[in-house]
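# Structural description and commentary
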Amino acid sequence: MRSKHFLILLVLVLCLLSLSLAEQKTFNAWWGLYSQSMIGAVNNLEDNLIWQDYFKKTGIRIKFYHPPFGKEAENFNLAIASGDLSDIFHVLYYNGTVPSYPGGWDKAIEDKAIIRLNELLPKYAPNYYKMLKSNPDIYKTLLTPGGSIVCIAPIADVWKPWGGLYIRKDWLDEFKLPVPVTYNDWYRVLKTFKDKKGAVMQLLYVGFHMYDAFNAGYNAPYGFYQVNGTVKHGLLENGMREYLSMMNKWYKEGLIDKDFYAVRDYYPKESAVISGKYGAFFSYNGFAYYETLGKSKDPKFELIAVAPPVKKKGDKLHIGQRVRNMYVNLTGPAVFITTKCKEPETILKFFDYFYSPEGSIYWTYGIEGKTFVYENNKPKFTDLAASGGRTPYNWNCVLSGGFGYQKDRDAANPNMSKKEYEAGFVWGSNNDGAYGLPDSLPFTKEEQEKVSKIMTDVTTYAEENIPKFITGAIPLSQYSKFISQLKKIGLEEVVKIYQNAYDRYQGIKVGD
């Protein structure tokens, strides 16, 4: 009798399970991970604890396909060319400086590869749409030259520089030197490091630190910027000549790595940091990593983050990295809905939750009691979600990707030291961003092609010559000839293209 009852119960359970699976909607997603820290930590995002929980909550399942790491662009182009479209693409909005879709995202709409979202957002993604409309810069940044919103993009509550200038604090203390603020301060510090420790400053091979961390004080970025609405390029301005004159002096005095131009890498060699070759350098936020290695050789080894230098104490920087509120990062991936998707409204509702007040907490921290808890009314990750070392989170327990409104996740990480957390704020502390250009400008296809072609030649010529001005191989008296050649290559023409695109951007009206 019991056996008969058990069989009846089993049949009922299987029927209910089948009904549940039948009711669950499944969408296919081509989902690039684009993160070295996630590779190896995640086999498939379907195994992620938060995704699994959200699938249960919504009755919607995303079936992920992850292209091989490092071959995303190739794989994406093959999928486009073959017409083998998933319901969703999780792809870089920009691949370098150009849209990931060949010909741009307006072309993707024209090719019937993806759908335009403008008309759907107010009804089916009200939280996301409200965020775009209340932040004009985000709205205009996401608008294609043809006037379309094409993606669900990640928006950060706060964004801070991920890397910047480091200096040996133990040496500052040893020689009773204050943390350098001005270029003159830096000169005294580097001179002392050279004389007392035989140490130098690391410099990127092209002659600048990343994100203009050392040349921003001369209003001379290695790129485009604007002053009161007029677009400029740093290589054409007097500030660049001043910067190079200073660096030439420092190089002659042995304060800069004499072989800087031969090291074709963005970050310093670890051996140069821990051996004491570099007293100052630029790198990503990795205090725990560098100091662990450094202390193994010298127990007093200590680093601190330093703000980019200025000419005079109290000056503000107007270019370079800064702390931002409500920031959309278009150098990362975003979510696009393809024409193959039969229910784009469902997909929009599915992702829109992550832009609501409750959903942003869920996206950032996960499940209360499992992946985070509240301490003093502030979220804190549990051991399940947080991990130490160079990978800050357990990616099987925390969401990541090009969607959602993310709170300041680092503040909740128990494995991130106060020094690491505050570093980003230090690196952006003296920058008001007044001369910055929008992260995305509405170039036409023809403009983008011309910009890409000319700037390839400009970059090649600049990288060949800028280091020579620093080393003295080319005297600075010839800098005007350098500028003349840049103009012949077409840099002034590109400045005009940027000006036209910037004017169009400024004229965009945020509306329905």
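Up top is the structure these notes are about.
What this report covers is the structure whose coordinates are included nearby.

Time to look at the sheet that holds strand β8 (residues 200-201). Pairing is mixed across the open sheet formed by 4 strands, whose spatial order is β8-β11-β7-β12. Edge positions in the sheet fall to β8 and β12 (303-306), since each has one partner strand and no second. Across 2 bridges, the pairing between β8 and strand β11 (residues 278-284) is parallel. Within β11, the residue paired with Met201 across the bridge is Ala280. Each of β7 (163-168), β8, β11 and β12 touches helix α9 (residues 183-197); the most contacted strand, β7, lies at about 50° to it.

Moving on to empty space enclosed by the protein. Enumeration according to the criterion identifies 2 cavities of 30 Å³ or more in this entry. Of the volumes computed, that of the largest cavity is approximately 100 Å³. Contributing to the lining of the largest cavity are 17 residues, with Tyr211, Ala213, Pro308, Gln321 and Trp427 lying nearest its centre. Ranked by residue count, the leading element in the lining of the largest cavity is β7, at 3 residues. Each pocket or cavity is described by its volume, and for the second largest cavity that value is around 50 Å³. Taken together, Gln202, Leu203, Leu204, Tyr205, Asp257, Phe260, Val263, Asp265, Tyr267, Pro268 and Tyr278 form the lining of the second largest cavity. Of the residues contributing to the lining of the second largest cavity, the split by class is 8 nonpolar, 1 polar and 2 charged.

Compared with an ideal rise of 1.5 Å per residue, which puts 15 residues at 21 Å, helix α10 (residues 238-252) spans 21 Å between its outermost C-alpha atoms and is within 8% of the ideal. Turning to α10, its buried residues number three or more, namely Gly239, Met240, Tyr243, Leu244, Met246, Met247, Asn248, Trp250 and Tyr251. Next to the buried residues of α10 lie α9, β8, α16 (445-471) and α17 (479-489). Backbone geometry just after α10 places Gly254 at a positive phi near 80°.

Relative to the helices and strands, Trp171 is located in helix α8 (residues 169-174). Between the alpha carbons of Trp171 and Phe354 there is a distance of 46 Å; along the sequence they are 183 residues apart.

Turning our attention to the sheet that holds strand β3 (residues 88-92). Sheet architecture is open: 4 strands sit in the order β2-β1-β3-β14, paired in mixed fashion. In this open sheet, the two strands that pair with only one neighbour each are β2 (60-65) and β14 (333-337). Strand after strand, the sheet turns through a mean of 25° between neighbouring axes, direction not considered. Summarising the sheet, strand β1 (residues 25-31) and β2 pair through 6 bridges and their orientation is parallel.

Once that is clear, we can look at the nonpolar core. The biggest cluster of nonpolar side chains holds 77 residues, and the ones touching the most others in it are Trp31 and Phe351. Dropping the residues within four chain positions of it, Trp31 is found in contact with Leu45, Trp51, Phe64, Tyr65, His66, Pro67, Ile88, His90, Val335, Phe351 and Phe403. Grouped together as the second largest cluster of nonpolar side chains are 64 residues, Leu244, Phe260, Leu486 and Tyr505 included.

Procedures and definitions
- Residues numbered from 1 in each chain as written.
- Predicted model: local features only at pLDDT ≥ 70, side-chain atom pairs only at ≥ 80, totals over all residues.
- Heavy atoms only, no water.
- Pairing = 2+ DSSP bridges.
- Helix = DSSP H or I, 4+ residues; strand = E, 2+ residues; numbered from the N terminus.
- Contact = heavy atoms within 4.5 Å.
- Axes fitted to C-alpha atoms, helices over the stretch in contact; angles between N-to-C directions.
- 1 Å grid on protein atoms, 1.4 Å probe; cavity = no way out; pocket = protein on both sides within 12 Å on 5 of 7 lines; lining within 4 Å.
- Points joined across faces, edges and corners; volume = space filled by probe spheres on them.
- Nonpolar A, V, L, I, M, F, W, Y, C, P; charged D, E, K, R; others polar.
- Expected span 1.5 Å × (residues − 1).
- Buried < 20%, exposed > 50% of the residue type's maximum accessible area, 1.4 Å probe, protein only.
- Core = buried A, V, L, I, M, F, W, Y, C linked by side-chain atoms within 4.5 Å.

Note that all results are geometric; they support no functional claim without further evidence.
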